[in-house]
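Architecture and fold: a report
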Amino acid sequence: MTPLPTTPASDVLVIGWGLAGLVSAAEALAAGRRVTLIDQEPRQNLGGQAWWSFGGLFLVDSPEQRRMGIRDSLDLARQDWFGNAGFDRDEDAWPRRWAEAYLEFAAGEKRAWLRERGVGFFPVVGWAERGGSGAIGPGNSVPRFHITWGTGPGILAPFIAAIERAEADGRATILPRHRVSDLIIESGAVVGARGVVLADTHAPRGVPTSREQVADFEVKADAVIVASGGIGGDHDLVRAFWPDRLGTPPTRMLTGVPAYVDGSMQAVSRAAGADLINTDRMWHYVEGIQNWDPVWPGHGIRILPGPSSLWLDATGTRLPVPLYPGFDTLGTLAHLRRTGHDHSWFVTSLKIIEKEFALSGSEQNPDLTGRDVRLLLKSRLAKGPTGPVQSFLDEGPDFVVERDLDSLLAGMRAMPGGDVLDVARVRDEVVARDREIDNEFTKDAQIAMLRSMRGYRGDRLIRTAPPHRLQDPAAGPMVAVKLHVLTRKSLGGIHTDLDGRALDASGQSIPGLFAAGEASGFGGGGGGMHGYRALEGTFLGGCLFSGRQAGRAASR
Ligand SMILES: Cc1cc2nc3c(=O)[nH]c(=O)nc-3n(C[C@H](O)[C@H](O)[C@H](O)COP(=O)(O)OP(=O)(O)OC[C@H]3O[C@@H](n4cnc5c(N)ncnc54)[C@H](O)[C@@H]3O)c2cc1C
């Protein structure tokens, strides 16, 4: 191996250039510090997962909500957050405080802070995670999912610009292909990191890169911020931490994050004395579909579904109330894991898909990502699915599209794993569900819910199709979608205080060591500000908040 390249010492070293790392770095630069930002990937991956994200942000009592007639408040958001989180452990002391602080940020400064940086929002506020079982929890009592104009790249832009300006001035150093394997400890304080420099590559963004080592490196700094993301790219780690309450982990899952979300810094941080808490809390989706045009191995896309599709388990049994599409992610995951099968089904119509299938990911939403108003009006309000959704209908290996129910059922049976489907049962479910559409006083709770949802203008406009029979030829063709579990987010991680200082097992802060973003259980969260469940749009927001806290504290 070639000798260590020398990197000048800086005030703050940030490991990981995802949103949390970029925000920490930008804050430290704003405080006048010199910053080194390192990442194991090539420069074309600057921005990490957030670049791929849909850009949904949780805001409370925003002007966008008020314009849509939504009455929200910090108190209501607090009720929803704590009802959802279910904090119940001694180690939830810091996560609870993070949750309180984050709620105040989301109801207070967050929007103005982003607006000052040029970040804008799509005017229709979405309603993710409705919960649906009671007034207190789980779920959002009102719509709070604000989509960034420009999606994930739009959130990243101001922070990338700040760092690139500082790089041009010589105040920031960006070191791609630097993979950290150790934190350097001197006299009980973390004073830097060492590891290996990986061979350069021109692989496009998101494509897995080689781990060929070409040199060792060492970087010294007064403070080190670990912003290395979660574990969703490593299925072995996901399975190792998988909790009993979610049943057994699936044999086969799709991967919702690039391969570099590998959790490698967890062991490195632990070796430096950091305490990892709540690692059994995780957030995986149940509406994953195989990407017909994959970027990373096992690449899955999440459908952000509207509420109308009929959701059946692998055998064809309808999911219980209130596990409708878009209602309760982890409740549905826990239920499906008890069925003994890895997949489930949406049975739906083209008319529902046109209005209700949003695909999560910047590249799946070229209108919003490209801030293209004409394309947006054409794709969201005109007839027909968006271009990316149409591509899945045409090419997606999980889609069955047929003119009538019998052909649809035959197509479902013919899919891998389709042999366990009880065709007669599905036919009964579809026929009974369709009959209830014509019953004004229906006892079918999902149909009653559809009618009430259309009371919210945002849902009526772009998220909830007018209730109709799935077998209505005018709404056709009929579509079945085979759904898989899709790994995504880690809700636990490095235990931190409200300044993002990493804590050891006795709760003492480790001098010089900080953590932010998903590495510290989203939003620092002290190792998990979400508790067991998320209200959605809270991951990017958690990165903004915890990155800001850690960047400021590391600069003091
Ligand atoms: C498709 C998609 C859609 C999403 N949509 C939303 C949404 O709408 N709303 C929302 O709130 N959230 C969303 N998310 C989640 C959100 O984007 C992520 O949780 C967030 O961006 C994580 O940021 P991070 O900075 O913590 O980590 P990351 O972005 O994962 O960055 C961590 C970086 O650390 C580097 N690294 C790791 N280990 C090492 C090491 N040993 N040495 C050097 N470097 C290392 C990695 O290479 C990586 O670049 C979405 C995510 C995806 C993938």
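**A closer look at the overall build of the chain**
- When helices and strands are counted, the chain shows 19 helices and 20 strands.
- Over its C-alpha atoms the chain spans a radius of gyration of 23 Å, differing by no more than 12% from the 24 Å that the globule rule assigns to 556 residues.
- If one aligns the C-alpha atoms of the chain with their principal axes, the spans along those axes are about 75 × 50 × 50 Å.
- Burial statistics for the chain: of 556 residues in total, 53% are counted as buried.
- Within the chain, residue pairs in contact and separated by at least 24 positions form 77% of the contacts whose partners lie at least 6 positions apart.

**Focus: the site of the ligand**
- Taken together, 43 residues lie near the ligand, and Gly16, Gly18, Gly48, Gly229 and Gly517 sit nearest.
- Per-element accounting of the shell around the ligand gives the leading share, 5 residues, to helix α19 (residues 538–554).
- Residue composition of the shell around the ligand, by class: 18 nonpolar, 20 polar and 5 charged.

**Observations regarding the pairing of strand β7 (residues 189–198)**
- β7 sits mainly inside the fold: 7 of its 10 residues count as buried.
- Here strand β6 (residues 178–186) runs beside β7; their pairing, made up of 8 bridges, is antiparallel. Following the sheet pairing, histidine 178 is matched in β7 by valine 197.
- Here β6 folds back onto β7 in antiparallel fashion, the turn holding 2 residues, of which serine 187 has a positive phi close to 45°.

**Here's the deal with the packing of helix α1 (residues 19–30) against α19**
- For the pair α1 and α19, the least separation of the axes is 7 Å and the interaxial angle reads 35°. In the packing of α1 onto α19, the handedness of the crossing is right-handed. Two secondary-structure elements touch here, α1 through Leu19, Ala20, Gly21, Val23, Ser24, Ala25, Ala26, Glu27 and Ala28 and α19 through Leu540, Cys543, Leu544, Ser546, Gly547, Arg548, Ala550, Gly551, Arg552 and Ala554.
- A breakdown of the residues in the contact of α1 with α19 according to their chemical character gives 11 nonpolar, 5 polar and 3 charged.

**Overview of the environment of isoleucine 289**
- You can see isoleucine 289 is positioned in strand β11 (residues 282–290).
- On the basis of neighbour counts, which here come to 23 C-beta atoms within 10 Å, the residue isoleucine 289 falls in the buried class.
- Separated by 109 residues in the primary sequence, isoleucine 289 and aspartate 398 place their C-alpha atoms 6.4 Å from one another.

**What to know about the domain arrangement of the chain**
- Examined at the domain level, the chain breaks down into domain 1 (10–228 + 263–281 + 491–554) and domain 2 (285–486).
- For domain 1 versus domain 2, the distance between C-alpha centres works out to 31 Å.
- Contacts between the two partners involve 31 residues from domain 1, matched on the other side by 24 residues from domain 2.
- The set of elements that each furnish at least two residues to the side of domain 1 that touches domain 2 consists of α2 (49–52) and α7 (151–169).
- For the side of domain 1 that touches domain 2, the class distribution of residues is 17 nonpolar, 11 polar and 3 charged.

**Quick word on the packing of α1 against α7**
- Relative orientation of the contacting elements α1 and α7 amounts to 45°, with a least axis distance of 9 Å. Here α7 runs oblique to α1, going by the angle between their axes. Of the two elements, α1 crosses α7, and the hand of that crossing is left-handed. Contact residues: Leu19, Leu22, Val23, Ala25, Ala26 and Leu29 in α1; Ile155, Leu156, Phe159, Ile160, Ala162, Ile163 and Ala166 in α7.
- The residue inventory of the contact of α1 with α7, partitioned by class, reads 13 nonpolar, no polar and no charged.

**Describing the environment of aspartate 404**
- Here aspartate 404 shows up in the loop between β16 (399–402) and α15 (405–414).
- Spatially, the C-alpha atom of aspartate 404 lies 64 Å from that of valine 219, the residues being 185 residues apart in sequence.

**Quick word on the pairing of strand β17 (residues 478–490)**
- Across the 13 residues that make up β17, a large majority, 13, are buried.
- Here 4 bridges tie β11 to β17, and the two strands are oriented antiparallel to one another. Across the sheet, the residue bridging to glycine 288 is histidine 484, located in β17.
- Here 6 bridges tie strand β14 (residues 344–349) to β17, and the two strands are oriented antiparallel to one another. Paired with valine 347 across the two strands is alanine 480, which belongs to β17.

**Points about the nonpolar core**
- Ile15, Leu19, Ala25, Val224, Ile225 and Phe514 are the most contacted members of the largest nonpolar core, which has 103 residues in total.
- If near-sequence neighbours (up to four positions away) are discounted, isoleucine 15 is found in contact with Ile38, Val180, Ala193, Val224, Ile225, Val226, Ala227, Ser228 and Met265.
- Counting 43 residues, the second-largest nonpolar core is a separate cluster that includes Leu310, Ala314, Met412 and Ala480.

**Quick word on helix α9 (residues 264–271)**
- Where α9 is concerned, the buried positions are Ser264, Met265, Gln266 and Ser269.
- Here the buried face of α9 lies against β1 (10–15), β6, β8 (213–226), β10 (276–277), β18 (493–494) and β19 (501–503).

**Quick word on unusual backbone geometry**
- Omega for the bond connecting glycine 137 with proline 138 falls within 30 degrees of zero, at -10°, which places this linkage in the cis form.
- Position of proline 138 relative to the elements: it lies in the loop between α6 (109–116) and β4 (145–147).
- Between valine 321 and the following residue, proline 322, the backbone shows a cis peptide bond with an omega angle of 0°.
- In this structure, proline 322 sits in the loop between β13 (310–313) and α10 (329–337).
- Here the phi dihedral of aspartate 61 falls at roughly 55°; this positive angle occurs in a residue that is not glycine.
- As for its placement among the helices and strands, aspartate 61 is situated in the loop between β3 (56–58) and α3 (63–67).

**Digging into the environment of histidine 202**
- Of note, histidine 202 is situated in the loop between β7 and β8.
- For histidine 202, a count of 8 C-beta atoms within 10 Å puts it in the exposed group.
- Along the primary structure histidine 202 and serine 546 are separated by 344 residues, whereas in three dimensions their C-alpha atoms are 31 Å apart.

Reading guide: rules and limits
Residues numbered from 1 in each chain as written. Predicted model: local features only at pLDDT ≥ 70, side-chain atom pairs only at ≥ 80, totals over all residues. Helix = DSSP H or I, 4+ residues; strand = E, 2+ residues; numbered from the N terminus. Rg over C-alpha atoms; globule rule 2.2 N^0.38 Å. Buried ≥ 20, exposed ≤ 12 C-beta atoms within 10 Å, placed from the backbone. Contact = placed C-beta atoms within 7 Å. Near = placed C-beta within 6 Å. Nonpolar A, V, L, I, M, F, W, Y, C, P; charged D, E, K, R; others polar. Pairing = 2+ DSSP bridges. Axes fitted to C-alpha atoms, helices over the stretch in contact; angles between N-to-C directions. Left-handed = near helix turned anticlockwise from the far one by under 90°. Domains from an automatic or database assignment. Parallel < 35°, antiparallel > 145°, perpendicular 65-115°, else oblique. Core = buried A, V, L, I, M, F, W, Y, C linked by C-beta atoms within 7 Å.

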